[in-house]
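# Report on the structure
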Amino acid sequence: MAIQRERPYVQFNFLVDLGTGTTDGADAGFQEISNVGMEVTVAEYRNGNEKENSVRKITGLNKATDVTMKRGVIGSLTLYVWLNQLRNGEANALRTVTIQLQNEDHTAVVQTWKLLRARIIKHVSGPFNAKGTDVAIEELTIAYERLEME
């Protein structure tokens, strides 16, 4: 359930459930999630005998944007196992990924995004650089069919 207030919530208090039913542990710990959203397409139409010289806007299909998630490489193969299920065509490989924003003291979930029928479509590890002090990062892109917000 979304909780409305006058000041926005800080962005770093979020939990991720990758369809496993848990937000505990390093597997659910992501540094960044971007592009959670949807768009509704509009079809333009005009009858040939319309008296007004303008188009009608007709609501069309809705599309969910692909989500990018980043985290440090932790040596876990859970994302690879899920990706392997998808590329092998397993029927139950689609998941519901849930992102929960928490309040500042982590006592309540203030808004939830559910990515329904989600699948990994891209997984990238690195870059690896022997000269740098950066953390090794893995990045995945998730496509989903429907977004629900609570």
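Below you will find a few notes about this structure. This is a predicted model, so every value here is computed, not measured.

Below, the discussion takes up the pattern of salt bridges. For side chains bearing opposite charge, pairing can occur when the charged atoms are close. Counted according to the given criterion, the structure contains 10 salt bridges. Here Arg71 ties to Asp27 by a salt bridge, and the two come within 3.7 Å at their closest N and O atoms. In this pair, Arg71 sits in strand β5 (residues 67–72) while Asp27 sits in the loop between β1 (14–17) and β2 (32–34), placing the two residues 44 residues apart along the sequence. On the accessibility criterion, Arg71 (1% relative accessible area) is buried. For Asp27, a relative accessible area of 28% translates into the label partly exposed. Note that Lys63 and Glu39 form a salt bridge whose closest N and O atoms lie 3.8 Å from each other. Linking Lys63 in strand β4 (residues 56–64) with Glu39 in strand β3 (residues 38–45), this pair joins segments that are 24 residues apart in sequence. Of the residues examined, Glu39 reaches a relative accessible area of 41% and is grouped as partly exposed. Here the salt bridges share partners, and the residues they tie into one network are Asp27, Arg71 and Glu138.

Another aspect to go through is the nonpolar core. Nonpolar side chains tend toward joint burial in soluble globular proteins. In terms of nonpolar packing, the biggest core is built from 19 residues, with Leu18, Met69, Val97, Leu115, Leu140 and Ile142 touching the most fellow members. If you list the elements that add at least two residues to this core, you get β5, α1 (78–87), β6 (95–102), β7 (109–125) and β8 (137–143). Residue contributions to this core peak at 5 residues, all from β7. Ignoring any residue separated from it by four or fewer positions in sequence, one finds Leu140 in contact with Phe30, Val67, Thr68, Met69, Leu79, Ile120, Lys122 and His123.

On to the side chain of Thr98, then. Mapped onto the fold, Thr98 is located in strand β6. In contact with Thr98, other than residues within four places in its own chain, are Leu15, Val16, Asp17, Thr112, Trp113 and Lys114.

Parameters and conventions
- Residues numbered from 1 in each chain as written.
- Predicted model: local features only at pLDDT ≥ 70, side-chain atom pairs only at ≥ 80, totals over all residues.
- Heavy atoms only, no water.
- Salt bridge = Lys/Arg side-chain N within 4 Å of Asp/Glu carboxyl O.
- Helix = DSSP H or I, 4+ residues; strand = E, 2+ residues; numbered from the N terminus.
- Buried < 20%, exposed > 50% of the residue type's maximum accessible area, 1.4 Å probe, protein only.
- Core = buried A, V, L, I, M, F, W, Y, C linked by side-chain atoms within 4.5 Å.
- Contact = heavy atoms within 4.5 Å.

Scope: geometric values only; no functional claims are made or implied.
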